[in-house]
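Fold and contact review
What follows is the residue order along each chain.
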Amino acid sequence: MLIFAIQQTNDLQAVHTGVKFSCRFSLKEIQERWYTLLYDPIISRLSTQAMRQLHPDVYASIQAKALFGTAEERMLGSVLSNSQPNLDVFQELLNSNSTDFLPSRTAKSLHAHWLLMKQYHLLPDQSVQPMPRGDLVHNFSDAEDMIDDSELKDSQGDAALEAELTVADRRSKKEIRNLEQEIPKWQVLVDSVTGISPPDFDNQTLAVLRGRLVRYLMRSREITLGRAAKDNSVDVDLSLEGPSWKISRRQGVIKLRNNGDFFILNEGKRPIYIDGKPLLLGNKFKLNNNSVVEISCLRFIFLINQDLINVIRAEAARVGTT
């Protein structure tokens, strides 16, 4: 979000004012984060790797929330304020000026931003009405313009409220730092299964555990399955698929061996059914491509990225012969 916003505006002050982050960052903190991304090679490399692992839908949603740039607003300004444009007008504007807009922009988002520009008299053919003389205030916008921001910043405010906000802010930033430190540990990507779903495999996905509602992308050689809780973390949270109160917090482990074979180990109290065969506590079973995995009332299809596994097997055989 920070990168997109700065690329659009080239103004850290505008980013600080116009972008809603996960917690309240000061302008100095945003500057420090931006300079760290630019000049710290380790942070820059980790951030680049994390962004590359984002699902295309997540990447597009972040890009869609980016601030509108000067070039984009200039193109929107070509639509006159006294007209009544529909979505077809903005779609044509988007098609004819695709290089000026972000790929995630839609006719609907352009229309919404044009309406905001019109509301605040920011279109080129609009003129701002002069302030009324005397103490007469016609509307809320006039009253807002009369407020002196410097007086608001200098006011002391409620000390107890400020202290509480500071504690909440510190807690949020601590949680963000913990999440940033866990980025290299992320092993499974979860996304919704829709009627038009993206390809199951890419060059980082070893296998996919596909359910009715979600799919879990296995991107490391070993992942844990179960039910996530405050005091228990698992790679695959089965509660995202459906009712999981009968599933153990740590139900099982799926592991890829060096020879390219996948095995599942049951660590829960209830059996796991593989292609209709029960797998009891402490036992393991080989998973094949298109194996049906049933845990409680949840059913999944295990799909293997054959191309990537063949590469792993070839590498293992080459190392074994040397």
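In what follows, the accompanying structure is described. (Residues numbered from 1 in each chain as written. Predicted model: local features only at pLDDT ≥ 70, side-chain atom pairs only at ≥ 80, totals over all residues. Heavy atoms only, no water.)

1. A few points about the pairing of strand S6 (residues 250-256)
Within S6, 5 of the 7 residues are buried, which leaves it mostly tucked inside the rest of the structure. When strand S4 (residues 222-226) meets S6, the two strands line up antiparallel, connected through 5 bridges. Bridged to Thr-224 within S6 is Val-253. By the bridge criterion, 5 bridges tie S6 to strand S7 (residues 262-266) in an arrangement that is antiparallel. Directly across from Val-253, in S7, lies its bridge partner Leu-265. Linking S6 to S7, which pair antiparallel, is a turn of 5 residues; within it Gly-260 sits at a positive phi near 90°. (Buried < 20%, exposed > 50% of the residue type's maximum accessible area, 1.4 Å probe, protein only. Helix = DSSP H or I, 4+ residues; strand = E, 2+ residues; numbered from the N terminus. Pairing = 2+ DSSP bridges.)

2. Digging into the environment of Ile-272
Tracing the sequence through the fold places Ile-272 in strand S8 (residues 272-274). Taking C-alpha positions, Ile-272 is 8.6 Å from Gln-251, a pair spaced 21 residues apart along the chain.

3. Here's the deal with the packing of helix H1 (residues 2-9) against helix H3 (residues 27-39)
How two helices sit against one another is set out by the angle between their axes and by the gap between those axes. Viewed as axis vectors pointing N to C, H1 and H3 meet at an angle of 95°, and their least axial separation amounts to 11 Å. As judged from the angle between their axes, H1 and H3 are roughly perpendicular. Here H1 contributes Leu-2, Ile-3 and Ile-6 to the contact with H3, which in turn contributes Ile-30, Arg-33, Trp-34 and Leu-37. In the contact of H1 with H3, the residues fall into 6 nonpolar, no polar and 1 charged. (Axes fitted to C-alpha atoms, helices over the stretch in contact; angles between N-to-C directions. Parallel < 35°, antiparallel > 145°, perpendicular 65-115°, else oblique. Contact = heavy atoms within 4.5 Å. Nonpolar A, V, L, I, M, F, W, Y, C, P; charged D, E, K, R; others polar.)

4. A few points about the pattern of salt bridges
According to the stated counting rule, one finds 9 salt bridges in the structure shown. For the salt bridge of Glu-72 with Arg-105, the shortest nitrogen-to-oxygen distance reads 3.0 Å. Of the two residues, Glu-72 is situated in helix H6 (residues 70-76) and Arg-105 in the loop between helix H7 (87-96) and helix H8 (107-119); the sequence distance between them amounts to 33 residues. For Arg-318, the salt bridge is made with Glu-315, and the minimal N-O distance between the two is 2.5 Å. Note that Arg-318 and Glu-315 are positioned in helix H12 (residues 306-321) at a spacing of 3 residues, about one turn of the helix. By relative accessible area, which is 46% here, Arg-318 ends up partly exposed. On the basis of relative accessibility, which here comes to 39%, the residue Glu-315 falls in the partly exposed class. Salt bridges sharing common partners tie together Glu-29, Asp-169 and Lys-173. (Salt bridge = Lys/Arg side-chain N within 4 Å of Asp/Glu carboxyl O.)

5. Observations regarding empty space enclosed by the protein
Here the structure, examined in full by the defined rule, presents 1 cavity of 30 Å³ or more. Considering the residues around the largest cavity, the lining is formed by Leu-209, Tyr-216, Leu-217, Met-218, Ile-223, Val-236, Ile-254 and Phe-302. Top element by residues in the lining of the largest cavity is strand S3 (residues 214-218). It accounts for 3 residues. Tallied by class, the residues present in the lining of the largest cavity amount to 8 nonpolar, no polar and no charged. (1 Å grid on protein atoms, 1.4 Å probe; cavity = no way out; pocket = protein on both sides within 12 Å on 5 of 7 lines; lining within 4 Å. Points joined across faces, edges and corners; volume = space filled by probe spheres on them.)

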